[in-house]
Amino acid sequence: MTLLLLAIALGVMALPLVTSPAPSQGRIHASGFNGTSVVIGFMVTIAVVAVTSPLFGFGFVLAVLLHELGAALAIRLIGHDVARVRLVPLPFMAAPRSDRPFDHALEESFVALYGPALAIPPVVIAFGLAHVLAPVAPGLANFLHITAVMLGSFNFVMLLPFLPFGGGRVMRGISDAFWPQLGMFLTLFMTAAFASAALRDQSLAMGILAAAGLQSLLHRRRADQDRLTHNQALLVMACYAFVLTVHFTAGFRLLAELV
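So, here is what we can say about the structure in this document. (Residues numbered from 1 in each chain as written. Predicted model: local features only at pLDDT ≥ 70, side-chain atom pairs only at ≥ 80, totals over all residues. Heavy atoms only, no water.)

### Focus: the overall build of the protein chain
- Secondary structure assignment for the protein chain yields ten helices and two strands.
- Listing each helix as α and each strand as β along the protein chain from the N terminus yields α-α-β-α-α-β-α-α-α-α-α-α.
- Counting only residues that meet the buried cut, the protein chain has 42% of its 259 residues in that class.
- Considering only intrachain contacts with a sequence separation of at least 6, the fraction spanning at least 24 residues in the protein chain is 74%.
- Surface exposure of the protein chain reaches about 13,400 Å², of which carbon and sulfur atoms provide 73%. (Helix = DSSP H or I, 4+ residues; strand = E, 2+ residues; numbered from the N terminus. Buried < 20%, exposed > 50% of the residue type's maximum accessible area, 1.4 Å probe, protein only. Contact = heavy atoms within 4.5 Å. Areas by Shrake-Rupley, 256 points an atom, 1.4 Å probe, with all protein chains shown as cover.)

### Let's talk about the packing of helix H5 (residues 105-133) against helix H6 (residues 138-158)
- At a minimum axis distance of 8 Å, the contact between H5 and H6 shows a crossing angle of 155°. Taken together, the axis directions place H5 and H6 in an arrangement best described as roughly antiparallel. In this structure, the crossing between H5 and H6 has a hand that is left-handed. Mapping the contact onto sequence places Gly115, Pro116, Ala119, Pro122, Val123, Ala126, Phe127, Leu129, Ala130 and Leu133 in H5 and Pro138, Leu140, Ala141, Leu144, His145, Ala148, Val149, Leu151, Gly152 and Asn155 in H6.
- Partitioned by chemical class, the residues of the contact of H5 with H6 number 16 nonpolar, four polar and no charged. (Axes fitted to C-alpha atoms, helices over the stretch in contact; angles between N-to-C directions. Parallel < 35°, antiparallel > 145°, perpendicular 65-115°, else oblique. Left-handed = near helix turned anticlockwise from the far one by under 90°. Nonpolar A, V, L, I, M, F, W, Y, C, P; charged D, E, K, R; others polar.)

### Quick word on the environment of Leu151
- If you trace the backbone, Leu151 turns up in helix H6.
- Those residues in contact with Leu151 that sit more than four places away from it in its chain are Leu62, Ala63, Leu66, Pro122, Val123 and His247.

### Description of the packing of aromatic side chains
- Counting across every chain of the model gives five aromatic pairs.
- Ring geometry for Phe60 versus Phe154: centroids 5.9 Å apart, planes at 80°, classification edge-to-face. Taken together, the residues Phe60 in helix H4 (residues 54-77) and Phe154 in helix H6 connect sequence positions 94 residues apart. Neither residue differs from the other here; Phe60 and Phe154 are each classed as buried.
- Arranged with centres 5.3 Å apart and planes meeting at 50°, the rings of Phe156 and Phe248 form a pair that is tilted. Taken together, the residues span a long stretch of sequence, with Phe156 in helix H6 and Phe248 in helix H10 (residues 230-258) at a distance of 92 residues. (Phe/Tyr/Trp six-rings, centres within 6.5 Å; stacked < 30°, edge-to-face > 60°.)

### Points about the side chain of Ser153
- Examined against the element boundaries, Ser153 turns out to sit in helix H6.
- In this structure Ser153 comes out as buried when scored by relative accessible area, which is 5%.
- Reaching out from Ser153, the side chain makes a polar contact with the backbone oxygen of Gly251 at a distance of 3.2 Å.
- The contacts of Ser153, once residues within four sequence positions are left out, are His247, Gly251, Leu254 and Leu255. (Polar contact = N/O pair within 3.5 Å; in protein donor to acceptor, adjacent residues only side chain to side chain.)

### With respect to H5
- The end-to-end C-alpha distance of H5, which contains 29 residues, comes to 43 Å, matching closely the 42 Å that a straight helix rising 1.5 Å per residue would cover.
- The largest bend along H5 measures about 30° and falls at Tyr114, with the proline Pro116 one to four residues further on. (Expected span 1.5 Å × (residues − 1). Bend = angle between axes of the 7 residues up to and from the residue.)

Below is the structure:
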């Protein structure tokens, strides 16, 4: 019960994430909710179910929608008129989240971290409810536990330092503030590590992550985007490390099985 009470307290403290007033003009649009996107989304979900389970598939859909909603809320908070919640947020297959580019790396980092941060209270509350309900409703407790694990796993992957993932955008902003070449070296290191693990363990998941790392090398920074100051970079780095650690801890069970 203590775990659940602490989780609820965390949820209450996180309410400003969804109640902070956004600029009065503009709104959030639903994007990609058409036949093609529904089919693609269904196929991706089936692939997730095939390598995990149907319950994890439900958690995956919830994780995607919560992540997109968080990004859209962040875009509205920084003053963009148009923010989109996309059903299938895949490159070249969905409209951009905003019609305006991010003029400052701090804005881009804020949007990249907002969705994963918004997912932390549901993860913790689901774990707390699962712990309390396990003796009386084991089926429901298992469902909540699996949902929390998938939320953690999905957001951990989104925070990997690869573009166009949010983690790649954050690391690019941090590296530009201290050493512009750091992001490339980190990407090369992580890609080599994933590729080595894929060859050693014959892991499809590790191979996919290695491929994601390779394609992220093709993305180039906007020359006209303002960089983070050193103090801003340290703050963003601390937030990134905290959110990444929380989601890795939450999704460790599934991540370990896939790897």
